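One-letter residues, chain by chain:
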Amino acid sequence: CWFFIKGQSNPNKLWFANTFVSNRFLSIIILMKNRIFIGEFVGSAFLVMIIVGSGIMAQNLTRDFAVMLLANTLATGAGLFVLINSIADISGAHFNPAVTMVMYFTKKIKKDLIVTYLSAQILGCLLGVMLANFMFELPLIELSKKVRPGFNIFIAELIATFGLIFIIFGTLKKGSTSVAASVATYITAGYWFTSSTSFANPAVALARTFTDTFTGISYLNTPSYIVAEIIGALLALFIIKKIISTK
């Protein structure tokens, strides 16, 4: 029964609403107690804080775009190395839905963990961009006006993501330090050799939509970045299965 008696609340509807809210709240609490969720959430938040925060700091200190990019690059590379090394034993340090997707298709994580990983990464990245904005006295959420259009940039982002996934699987058996060093140095290089500045991460691309600063991206371009990243990851998966042992 979903109708209302005038002046009274429908008890069935209220019970349903309360139960729904309680169940959602309980689900969040369970996720928060999950060490994988916490590791991915914290790591993703710090990754975006490093990317966006260093970009804002550089923007505040200089008007030279080359210097801005250099500062942003060094901070991101250093941050990635530390974050992957410190969180690898907790959650695997994916911080990236594209990485999680390929880990699942190569049977390195179970299907029931996908929601945990993706929710932690997306929520962590969104918190990270809000905290970075807040630290520099900017609005918590501000849509970026920085356009990054063009098929050439789409291909650049596809290549960036392909390379990232390939490098991760190429170094996976050598341990977390090797993966951390390889990913950090690859992304450092990617900032400079790709016209997209190598986002290579759908959750990060989404978060960077909400900062109108040096590292931002217009919401009009975010979907194309995410599509390119997914295609790049799937192409890397195809090659990995052909030439790299995933057992």
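Preceding this paragraph is the structure being described.
Position numbers for residues start from 1 in each chain and track the written sequence from start to end. Note on the predicted model: pLDDT of at least 70 is required for a residue's local features to be given, and 80 or more for side-chain atom pairs to be given and counted; whole-chain, interface and lining totals, by contrast, use all residues. As a convention, hydrogens and water are excluded, and side-chain values are obtained from all of the structure's heavy atoms.

**Some remarks on the packing of helix α6 (residues 151-171) against helix α9 (residues 222-243)**
For helices, the fitted axis covers only the stretch in contact; all axes are lines through C-alpha atoms, and the angles between them, taken along N-to-C directions, range from 0 to 180 degrees. Helix and strand assignments follow DSSP, with helices taken as H or I runs no shorter than four residues and strands as E runs no shorter than two, numbered in order from the N terminus. Interaxial distance between α6 and α9 falls to 7 Å at its minimum, and their mutual angle equals 40 degrees. Classed by the angle they form, the pair α6 and α9 counts as oblique. Judged by the sense of rotation from one axis to the other, the crossing of α6 with α9 is right-handed. Of the residues that constitute the contact of α6 with α9, the class distribution is 17 nonpolar, three polar and two charged. To sort the angles, those under 35 degrees are grouped as roughly parallel, those over 145 as roughly antiparallel, those from 65 to 115 as roughly perpendicular, and the leftovers as oblique. Here is the rule for handedness: rotate from the far helix to the near one, and if that takes an anticlockwise turn smaller than a right angle the crossing is left-handed, while a clockwise turn gives right-handed. Residues are sorted three ways: Asp, Glu, Lys and Arg are charged, Ala, Val, Leu, Ile, Met, Phe, Trp, Tyr, Cys and Pro are nonpolar, and all the rest, Gly among them, are polar.

**A word on the side chain of Glu-157**
Inspection of the secondary structure puts Glu-157 in helix α6. One buried charge, Glu-157, has no salt-bridge partner; the nearest side chain with opposite charge is Arg-208, at 7.5 Å. The contact definition used throughout considers only heavy atoms, calling two residues in contact when any of these lie within 4.5 Å. Once you skip the residues sitting within four places of it in the chain, Glu-157 turns out to touch Ser-196, Ser-198, Phe-199, Ala-200, Asn-201, Tyr-225, Ala-228 and Glu-229. Only protein chains enter the calculation, and the probe is 1.4 Å; a residue is then buried if its accessible area is under 20% of its type maximum, exposed if over 50%, and partly exposed in between. In summary, the charge assignment counts Lys and Arg as positive and Asp and Glu as negative, without counting His or the chain termini. Salt bridges are defined as contacts in which a side-chain nitrogen from Lys or Arg sits within 4 Å of a carboxyl oxygen from Asp or Glu.

**A short note on the nonpolar core**
Nonpolar side chains in soluble globular proteins tend to be buried together. Definition used in this section: a nonpolar core is a set of buried Ala, Val, Leu, Ile, Met, Phe, Trp, Tyr and Cys residues joined via side-chain atoms within 4.5 Å. Grouped together as the largest cluster of nonpolar side chains are 47 residues, with contacts concentrated most on Ile-165 and Val-183. One finds Ile-153, Phe-199, Ala-205 and Ile-217 within the second-largest nonpolar core, a separate group that totals five residues.

**A few points about the layout of surface pockets**
As a volume, the largest pocket reaches approximately 370 Å³. Using a 1 Å grid laid over the protein atoms alone, points where a 1.4 Å probe fits but cannot get out form a cavity; open sets with protein on both sides within 12 Å along at least 5 of 7 lines form a pocket; any residue with an atom within 4 Å of a point counts as lining. If you trace the largest pocket, you find 28 residues lining it, with Ile-84, Ala-93, His-94, Ile-168 and Val-183 closest to the centre. Of all elements in the fold, only α2 (35-61), α3 (65-91), α4 (97-105), α6, α7 (176-193) and α8 (202-208) reach the threshold of two or more residues within the lining of the largest pocket. If one sorts the elements of the lining of the largest pocket by residue count, α7 sits on top with five residues. A breakdown of the residues in the lining of the largest pocket according to their chemical character gives 19 nonpolar, eight polar and one charged. Grid points are joined across faces, edges and corners, and a volume is the space filled by probe spheres set on the points.

**Quick notes on unusual backbone geometry**
Residues other than glycine seldom take positive phi values, yet Thr-197 does so here, at roughly 60 degrees. Counting through the fold element by element, Thr-197 comes out in the loop between α7 and α8. Phi at Ser-198 takes a positive value of approximately 55 degrees, unusual for a residue other than glycine. Residue position: Ser-198 is located in the loop between α7 and α8.

**Considerations on the packing of α4 against helix α5 (residues 114-135)**
In contact at an axis separation of 10 Å, α4 and α5 are set at 170 degrees when each is read in the N-to-C sense. By the criterion of interaxial angle, the relationship of α4 to α5 is roughly antiparallel. Across the interface between the two elements, Pro-97, Thr-100 and Tyr-104 of α4 pack against Ile-114, Tyr-117, Leu-118 and Gln-121 of α5. Residues belonging to the contact of α4 with α5 are distributed by class as follows: five nonpolar, two polar and no charged.

**Focus on the environment of Leu-138**
The residue Leu-138 is located in the loop between α5 and α6 in this model. The partly exposed category is assigned to Leu-138, whose relative accessible area is 29%. Sequence-distant contacts of Leu-138, defined by excluding residues within four places in its chain, comprise Ile-56, Asn-133 and Thr-213.

**Thoughts on α4**
Among the residues making up α4, those that are buried are Pro-97, Ala-98, Val-99, Thr-100, Val-102 and Met-103. Contact partners of the buried residues in α4: α5, α6, α8 and α9. At the N-terminal end of α4, a side-chain oxygen is found 2.9 Å from the backbone nitrogen of Ala-98, two or three residues along, and the residue is Asn-96. Of the residues trailing α4, Lys-107 is marked for its positive phi of about 65 degrees. In protein, a polar contact requires one atom able to donate a hydrogen and another able to accept it; more generally it is a pair of N or O atoms within 3.5 Å, and residues adjacent in sequence count only if both atoms are side-chain atoms.

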